[in-house]
Amino acid sequence: MALCYQYQLPVLPLDRPVPKHVLSRRGAISFSSSSSLFGCANPRVLSQRRGAISYESSDQTALYIRMLGDVRVRSRAGFQPERRDSHPYVDFRLLHLSPESGELASARKIRRLLSFQRYFRSAHLFCGVTPLNSLSILDDNYNGQAMRMLEKDGNWNFDIFLFDRLTNGNSLVTLTFHLFKYHGLIEHFHLDSVKLRRFLVMVQEDYHRNNPYHNAVHAADVTQAMHCFLKETKLATSFSPWDVLLGLLAAMTHDMDHPGVNQPFLIKTNHYLASLYKNISVLENHHWRSAVCVLQESKLFSHLAVEEIYQMESQLGSLILATDITRQNEFLSQFRTHLDRSDLCLDEASHRHFMLQIALKCADISNPCRPWELSKQWSEKVTQEFFHQGDIEREHKLDISQLCDRRTETVANIQIGFITYVAKPLFVEWSRFSNTTLSQTMLGHLSLNNASWKGLLQEQSQGGDDTDFI
């Protein structure tokens, strides 16, 4: 197993001291241990990163390192080495391959070069053109079709897949930068537009492109949904700029560095993240820590008081941890109680924060509430990710996780169950809280999509086809 600690925040209980000048660099401190599932055949590959120090040890206590910073896996388990990405999947077949060839290194250099070229071109640094609006340092597509889409940023039918293509795969950066301007957050919090751009790029790059579902496009979709909720009358008239800032930050970072497998998989394979967070909200804790690291590395809010930064990081964690699906009934029950008692008072900071948690939960699972064309694509993508995990579990004689067995599950079955037991109960309560055109539209799509999946399931059973829809 190879662990990479990328930032300068952790307190590392090592068996040897680490020079202070090394910890201050934006490099990596790598640990490699013997693990049959997550091992790295050549740990020295890790030390090729700028500022990296490698330690080889079979001491499993090294896995119990408590830190505030980012923790991520740097194994050769089926991922293409990119600048900030870690592995999207754990492909055990690749664990015993020979060290990387020069072709992978060359490809990495080319990707980095293209990334810098896109950044400089978008910032107008090479062409010497001063943009009309100093804050609009987005790609040229922003002034074309993508800009026209952003004029309808609060439309529930917003096609994030089309928008991602129009922005050349930069939907999260482009949309979030626009929303920061829309809500006046740049002016209110005196944000440096270049630092903001850098922060957004770093967040987007920490999502794994190879994940069918948990990628930057999903984060952009959740952010757009959160924006729609923030525009609802009850929230728009009650939320402060601080609340809006936290809502957008949580939406865009809520799945950072998602490995493409779920918590049960990490626990059953004795993954170090499961040990680090004691099998409790493993992924959500990791997403939160990743978000905090990028916030501190980008220095986006370095001009704020220390107390404000601490409060932001703490509340951001509370929001991201609320997306843990195992806590669904806990939040749903609390939401119902508030609505039954009619005691939600958005003048109170604690109640506004609770509604931010509910809004983020709704945005995170809003796919079944989108129009059928969009909802169906998301359903197929998340099922593809589930089945990929199930294939790995079957190959290595592990118990196949729920919903991950392609031999017994279908997209329709999974979606009908998800709508019935997870999505519908939450959105019914949301419509009680905010009975608007948007909430009724979401419930309408939810009902129609459920009926469509049932129709497809019936056609499948009549046709005798036992395969899934992907």
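Think of each chain on its own: its residues are numbered from 1, step by step along the sequence as written. Restriction of local features to residues with pLDDT of at least 70 applies here, the model being predicted, together with a cutoff of 80 or more for giving and counting side-chain atom pairs; totals for whole chains, interfaces and linings are based on all residues. Only heavy atoms go into the side-chain values, all of them from the structure, while hydrogens and water stay out.

Thoughts on the overall build of the chain
Part 1 of the argument: Across its full length, the chain carries 19 helices and four strands.
Part 2 of the argument: Across the 470 residues that make up the chain, the buried fraction comes to 55%.
Part 3 of the argument: By the convention used here, residues are in contact when the closest approach between their heavy atoms is within 4.5 Å. Counting contacts in the chain only where the partners sit at least 6 residues apart, residues at least 24 apart contribute 76% of the total.
Part 4 of the argument: As displayed, the chain has an accessible area near 21200 Å², and 52% of this comes from carbon and sulfur atoms. In DSSP terms, a helix is any run of H or I states spanning at least four residues, a strand is any run of E spanning at least two, and both are numbered starting from the N terminus. Relative accessibility thresholds used throughout: buried, under 20% of the residue-type maximum; exposed, over 50%; partly exposed, between the two (1.4 Å probe, protein chains only). Note that accessible areas follow from Shrake-Rupley with a 1.4 Å probe, and for residues the cover is restricted to the protein chains shown.

Description of unusual backbone geometry
Part 1 of the argument: Positioned with a positive phi, Asn279 is a non-glycine residue whose angle comes to about 65°.
Part 2 of the argument: With respect to the secondary-structure elements, Asn279 resides in the loop between helix 12 (272–276) and helix 13 (282–298).
Part 3 of the argument: Here the phi dihedral of Ser342 falls at roughly 55°; this positive angle occurs in a residue that is not glycine.
Part 4 of the argument: Topologically, Ser342 is positioned in the loop between helix 15 (328–341) and helix 16 (349–364).

Comments concerning the layout of surface pockets
Part 1 of the argument: Computed from the structure, the largest pocket encloses a volume of approximately 1200 Å³.
Part 2 of the argument: Considering the residues around the largest pocket, the lining is formed by 40 residues, among which Asn262, Ile325, Phe386, Leu403 and Phe418 are closest to the centre.
Part 3 of the argument: Among the secondary structure elements, those contributing two or more residues to the lining of the largest pocket are helix 11 (263–268), helix 13, helix 16, helix 17 (372–395) and helix 18 (411–433). With a 1 Å grid spanning the protein atoms alone, the term cavity applies to any set of points in which a 1.4 Å probe fits but cannot get out, the term pocket to an open set with protein on both sides within 12 Å along at least five of seven lines, and the term lining residue to any residue with an atom within 4 Å of a point. Grid points are joined across faces, edges and corners, and a volume is the space filled by probe spheres set on the points.

What to know about the nonpolar core
Inside soluble globular proteins, nonpolar side chains tend to come together where they are buried.
Part 1 of the argument: By nonpolar core is meant a set of buried Ala, Val, Leu, Ile, Met, Phe, Trp, Tyr and Cys residues that side-chain atoms within 4.5 Å join together. In this structure, Phe199, Phe229, Met355 and Trp430 are the most contacted members of the largest nonpolar core, which totals 95 residues.
Part 2 of the argument: Core analysis: the second largest hydrophobic core is formed by 11 residues, Leu273, Ala274, Leu276 and Val282 among them.

Concerning the packing of aromatic side chains
Each aromatic ring pair is described using two quantities: the centre-to-centre distance and the angle formed by the ring planes.
Part 1 of the argument: Pairing of aromatic side chains here covers Phe, Tyr and the six-membered ring of Trp, requires ring centres within 6.5 Å, and sorts the geometry by plane angle: under 30 degrees stacked, over 60 edge-to-face, intermediate tilted. Here the structure, examined in full by the defined rule, presents 11 aromatic pairs.
Part 2 of the argument: Ring geometry for Tyr213 against Trp378: centres 5.5 Å apart, planes inclined by 80°, an arrangement best described as edge-to-face. Here Tyr213 is found in the loop between helix 7 (193–205) and helix 8 (216–230), whereas its partner Trp378 is found in helix 17, with 165 residues between them in sequence. Just as Tyr213 is buried, Trp378 falls in that class too.
Part 3 of the argument: An aromatic cluster of at least three residues, connected via ring pairs, comprises Trp156, Phe229, Phe331, Phe335, Phe354, Trp430 and Phe433.
Part 4 of the argument: In this scheme, Lys NZ or Arg CZ marks a charge over a ring once it lies within 6 Å of the ring centre and within 35 degrees of the ring normal. One residue, Lys234, lies across the ring of Phe433, its end atom 4.9 Å from the ring centre.
Part 5 of the argument: Just above the ring of Trp156 sits the side chain of Arg370; from NZ or CZ to the centre is 4.0 Å.

Observations regarding the environment of Leu172
Part 1 of the argument: Structurally, the position occupied by Leu172 is in helix 5 (residues 171–182).
Part 2 of the argument: Along the primary structure Leu172 and Glu205 are separated by 33 residues, whereas in three dimensions their C-alpha atoms are 9.9 Å apart.
Part 3 of the argument: Once residues lying within four places of it in the same chain are set aside, the contact partners of Leu172 are Val203, Gln204, Tyr207, Ala216, Ala219, Ala220, Thr223 and Met252.

A few points about helix 17
Part 1 of the argument: Given a helix with a known number of residues, its expected span is that number minus one, times 1.5 Å. The first and last C-alpha atoms of helix 17 sit 34 Å apart over 24 residues, in line with the 34 Å expected at 1.5 Å per residue.
Part 2 of the argument: Following helix 17 by one or two positions, Lys397 has its phi on the positive side, about 60°.

Side note on the confidence of the model for the chain
Part 1 of the argument: Overall, the prediction assigns the chain a mean pLDDT of 79, with 68% of residues at 70 or greater.
Part 2 of the argument: As a per-residue quantity, pLDDT reports the predictor's confidence and falls between 0 and 100. In the model, residues 466–470 has pLDDT below 50 throughout and makes 17 contacts with residues more than four positions away in sequence or in other chains.

Quick look at the packing of helix 7 against helix 10 (residues 241–253)
Part 1 of the argument: To get an axis, fit a line to the C-alpha atoms, keeping to the stretch in contact for a helix; angles then go from 0 to 180 degrees between the N-to-C directions. Two numbers describe how helix 7 lies on helix 10: the axes approach to 10 Å, and their chain directions differ by 35°. Contact residues: helix 7 offers Phe199, Leu200 and Val203, while helix 10 offers Leu249, Met252 and Thr253.

What to know about the environment of Gly169
Part 1 of the argument: In this fold, Gly169 is placed in the loop between helix 4 (160–166) and helix 5.
Part 2 of the argument: Residue classification places Gly169 among the partly exposed positions, given a relative accessible area of 35%.
Part 3 of the argument: Along the chain, Gly169 and Gln204 lie 35 residues apart, while their C-alpha atoms are 9.7 Å from each other.
Part 4 of the argument: Residue contacts for Gly169: discarding those within four places in its chain leaves Asp164 and Gln204.

Remarks on helix 14 (residues 306–321)
Part 1 of the argument: For helix 14, spanning 16 residues, the distance from its first C-alpha to its last is 23 Å, which sits close to the expected 22 Å at 1.5 Å a residue.
Part 2 of the argument: Among all positions of helix 14, only Met312, Glu313, Leu316, Gly317, Leu319, Ile320 and Leu321 are buried.
Part 3 of the argument: Looking at the packing, one finds that the buried side of helix 14 touches helix 10, helix 13 and helix 16.

Some remarks on the environment of Gln458
Part 1 of the argument: With respect to the secondary-structure elements, Gln458 resides in helix 19 (residues 437–463).
Part 2 of the argument: Note on Gln458: relative accessible area 48%, which makes it partly exposed.
Part 3 of the argument: Distance in space between the C-alpha atoms of Gln458 and Ala412 is 9.6 Å, their sequence separation being 46 residues.

Examining the pattern of salt bridges
Part 1 of the argument: Salt bridge, as applied in this entry: a Lys or Arg side-chain nitrogen positioned within 4 Å of an Asp or Glu carboxyl oxygen. Evaluated as defined, the whole model comprises 11 salt bridges.
Part 2 of the argument: For Asp243, the salt bridge is made with Arg352, and the minimal N-O distance between the two is 2.8 Å. You can see Asp243 sitting in helix 10 and its partner Arg352 sitting in helix 16, a full 109 residues away along the chain. By the burial criterion, Asp243 is buried, and Arg352 matches it.
Part 3 of the argument: In this structure, Arg432 and Glu429 form a salt bridge, with 2.7 Å as the shortest nitrogen-oxygen distance. Of this pair, Arg432 and Glu429 both sit in helix 18, three residues apart, roughly one helical turn.
Part 4 of the argument: Judged by its relative accessible area of 6%, Glu429 is buried.
Part 5 of the argument: Residues joined in a network through salt bridges with shared partners are Arg336, Asp340, Glu429 and Arg432.

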